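Understanding the architecture of this molecule
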Amino acid sequence: MLEKNTEQQLELVKLAITGDRIAFNQLYSMFYHGIYVFFFTRLKSVMDAQDLCQETFIKAHKKLAQLDRPESFKGWLFTIAGNCLKDHRRKERIKSFFGFFSDNDEGALEKCVDEASKDPAKQAVSRQFWVRMKDFEKKLSPHEREVFLLRFSDELSIAEIASVLSSTASSVKTHLYRAVKKFKNSPELHEFVEGMGDIKK
Amino acid sequence: MKNKTQHLTEEQILWSVVSDEDHPETIEHLESCATCMQTKANLMKKLAGLSAALHQMTPEAAIQPLDIERQAHQRRWPAGIVSRQVWQAVAASVVLAIAGYTGLMMRSMPSTLPDDSTVASLEFLFEDFSAHDSSLSCSYLETFAENEEDAGINELLELIMPDVNGTDWQPANG
Ligand SMILES: [Zn+2]
């Protein structure tokens, strides 16, 4: 979950814009998990997610002075993350075009799942979840998938999603409507997430 | 306007989940109908469950110290010698030459991968080409090509014809 205390966050953003390194480090701590999850849900690789997290915050730090509306920090940060993701995917596509293998295959996800927990039961649950999630994502168009994840995984508002995707609120809502409808018609995923409250990491 | 004695349609429930601010009559109905409110709440609960699952099932990773000095994926261009455009033209020619060579090799010997030095050269060039920072512009959705087979070619074209007017690119010592 991202930071809820928006007033405190706003103060930190304002301080960070003035060059306060401690304030920026606090923002880093606040948003690290959210940005890490953003990358992991798209790439299914812990190492790539951690690297891209660093890259996102380094770029954010470099460009912070250009942020004219401190209250839009969250959406702005996710825009930077999105562009880091775009650059990463571009490199991966080029590599695959030339026949180089990417680490982001199913084997890499298996490895992540196995390393995340030593408990075979938890590993099995995690593996099952990502397989079902992947099957669900296959039903979505790329745009629907991104809008859906930005809304329900990254917890961005419609306005923030529109800003991140350089889109309109109306277009975001239309894609989100389609994605939610597909989610509603994916009972195999419902059964799984309904039991999620009982699983502790 | 829908008759208040009728329940909301699936479409109306879905719209209310996406954003109810555009549909005042739906809000009005939901406020007075426990059945429809329950239908909406069930769907919202499942979406919240998915949201929790995505966070819970993401492998934990310890927060790493932020290395602000690191210039992530940004190699510097030799400064003061030639312009960025010239470097891009030279690099584009090399990419094309290697692309042609690699393409031929792969066609004639499908099981042979390029050697390590070719891989290193390509990775270097790709990093340089993508060193521009597009953080404040464009949607990243544009790279989600529906046709995966064309995606590599499209990306290569995008790389060898970069936006030379990009505002975020900085030459070394610039
Ligand atoms: Zn009703």
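Residues numbered from 1 in each chain as written. Chains lettered and ligands numbered in written order. Predicted model: local features only at pLDDT ≥ 70, side-chain atom pairs only at ≥ 80, totals over all residues. Heavy atoms only, no water.

**What to know about the overall build of chain A**
To be explicit about the condition: Only DSSP runs of H or I reaching four residues or more are called helices, and only runs of E reaching two or more are called strands; each is numbered from the N terminus. Here the globule rule reads 2.2 Å times residues to the power 0.38, and the radius of gyration is calculated from C-alpha atoms. Buried, partly exposed and exposed residues are distinguished by accessible area as a fraction of the type maximum, computed with a 1.4 Å probe on protein chains only: under 20%, between the cut-offs, and over 50%, respectively. Per-residue and other accessible areas were derived by the Shrake-Rupley procedure at a 1.4 Å probe size, with only the shown protein chains allowed to occlude residues. Charged-residue counts in this description rest on Lys and Arg as positive and Asp and Glu as negative, His and the chain ends being excluded. In this description, the location of a charge corresponds to atom NZ of lysine, CZ of arginine, CG of aspartate or CD of glutamate.
In terms of regular secondary structure, chain A is built from 10 helices and zero strands. Element order for chain A, N to C, with α for helix and β for strand: α-α-α-α-α-α-α-α-α-α. Against the compact-globule benchmark of 17 Å for 201 residues, chain A has a radius of gyration of 18 Å, which places it among compact chains. The C-alpha extent of chain A, read off along each of the three principal axes, is 45 × 40 × 35 Å. By the burial criterion, 54% of the 201 residues in chain A qualify as buried. Only carbon and sulfur atoms are counted for the fraction: they give 53% of the accessible area of chain A, which is about 8700 Å². Here chain A holds 33 positive side-chain charges and 29 negative ones, and the gap between their average locations is 4 Å.

**Some remarks on the domain arrangement of chain A**
Residue and element names in this part refer to chain A. For clarity, the threshold we go by: Domain borders in the structure are assigned automatically or taken from a domain database. We call two residues in contact whenever any of their non-hydrogen atoms come within 4.5 Å of each other. Buried area: the accessible area, evaluated with a 1.4 Å probe, that two parts lose upon being put together, summed over both parts. Put simply, a salt bridge is a Lys or Arg side-chain nitrogen that is within 4 Å of an Asp or Glu carboxyl oxygen.
Under the domain assignment used here, chain A contains domain 1 (1-107) and domain 2 (126-189). The C-alpha-based centres of domain 1 and domain 2 are spaced at 19 Å. Every contact between the two is made by 16 residues of domain 1 and, on the other side, 13 residues of domain 2. For the pairing of domain 1 and domain 2, the buried interface totals around 1200 Å² over both sides, and the portion due to carbon and sulfur atoms is 51%. Linking domain 1 to domain 2 there are three salt bridges. The residue K44 makes a salt bridge to E137 at a minimum N-O spacing of 3.8 Å. Listed by contribution, the elements that provide at least two residues to the side of domain 1 that touches domain 2 are α2 (21-43) and α4 (73-97). A per-element tally of the side of domain 1 that touches domain 2 places α2 first, with six residues.

**A word on the coordination of the zinc ion**
Geometry reference: four tetrahedral donors at a metal, ideal angle 109.5 degrees. Six octahedral donors, ideal angles 90 or 180 degrees. Residues and elements named next belong to chain B. To keep it simple, the criterion reads: In this analysis a donor is any N, O or S atom within 2.8 Å of a metal ion (3.2 Å for sodium, potassium and calcium), and since water is not included, sites may seem incomplete. When four donors show all angles between 85 and 135 degrees the site is tetrahedral, when four or six donors have opposite pairs over 155 degrees and all other angles between 65 and 115 it is square planar or octahedral respectively, and in every other case it is irregular.
Looking at the metal site, the zinc ion is ligated by H7 (ND1), H29 (NE2), C33 (SG) and C36 (SG), spaced 2.1 to 2.2 Å from it. Given four donor atoms and angles of 96 to 136° at the metal, the environment of the zinc ion is assigned as irregular. We note that the donor set of the zinc ion lies within a single chain, spaced as H-x21-H-x3-C-x2-C. Look at C33 and you get buried, because its relative accessible area is 9%.

**Comments concerning the pattern of salt bridges**
All names here are of chain A. In the structure shown here, the tally under the stated rule is 13 salt bridges over all chains. Between E146 and R42 there is a salt bridge, with the nearest N and O atoms lying 3.2 Å from each other. A residue pair is termed long-range when its members are at least 10 positions apart, and E146 in helix α7 (residues 142-152) and R42 in helix α2 qualify at 104 residues. For E146, a relative accessible area of 0% gives the class buried. The closest approach of N and O atoms between E144 and K182, which form a salt bridge, is 2.7 Å. Here K182 lies in helix α9 (residues 169-184) and E144 lies in helix α7, a separation of 38 residues in the sequence. Of the residues examined, K182 reaches a relative accessible area of 28% and is grouped as partly exposed.

**Description of the environment of L30(B)**
Residue and element names in this part refer to chain B. Along the chain, L30 falls in helix α2 (residues 24-32). Placed 10 residues apart in sequence, L30 and K40 show a C-alpha to C-alpha distance of 8.7 Å. Once residues lying within four places of it in the same chain are set aside, the contact partners of L30 are L8, S16, C36, M37 and K40.

**Details of the confidence of the model for chain A**
As a general rule, the predicted coordinates of low-pLDDT regions are not to be interpreted in detail. Residues and elements named next belong to chain A. How we decide: A score from 0 to 100, pLDDT tells how confident the predictor is in each residue.
Across chain A, the average pLDDT comes to 88, with 90% of residues at 70 or higher. Mean pLDDT across the secondary structure elements of chain A bottoms out at helix α5 (residues 106-116), with 73, and peaks at α9, with 97. Low pLDDT (under 50) marks residues 197-201, which in the prediction has 12 contacts with non-local residues, meaning those over four places away or in another chain.

**A look at the packing of aromatic side chains**
For any pair of aromatic rings, geometry is given as the distance between the ring centres together with the angle between the planes. Residues and elements named next belong to chain A. Stated formally: Stacked, tilted and edge-to-face are the three classes assigned to paired rings of Phe, Tyr and Trp, where Trp is represented by its six-membered ring and a pair needs centres within 6.5 Å; plane angles under 30 degrees give stacked, over 60 edge-to-face, the rest tilted. When the NZ atom of lysine or the CZ atom of arginine is within 6 Å of a ring's centre and also within 35 degrees of its normal, the charge is said to sit over that ring.
Going through the model one piece at a time under the given rule, you end up with 16 aromatic pairs over all chains. Among the aromatic residues, those joined into a ring-pair cluster are Y28, Y32, Y36, F40, F57, F129, W130 and F192. Stacked on the ring of F152, the Lys or Arg R151 has its end atom at 5.9 Å from the ring centre.

**Structural notes on the nonpolar core**
Let me state the cut-off plainly: We call a set of buried Ala, Val, Leu, Ile, Met, Phe, Trp, Tyr and Cys residues a nonpolar core when their side-chain atoms join them within 4.5 Å.
Grouped together as the largest cluster of nonpolar side chains are 74 residues, with contacts concentrated most on F39(A), F129(A), F148(A) and V180(A). Ranked by residue count, the leading element in this core is α2(A), at 14 residues. With residues near it in sequence (within four places) discarded, F129(A) still touches L189(A), F192(A), V193(A), L50(B), A53(B), L54(B) and M57(B). I13(B), L30(B), C33(B) and C36(B) belong to the second largest nonpolar core, which has five residues in total.

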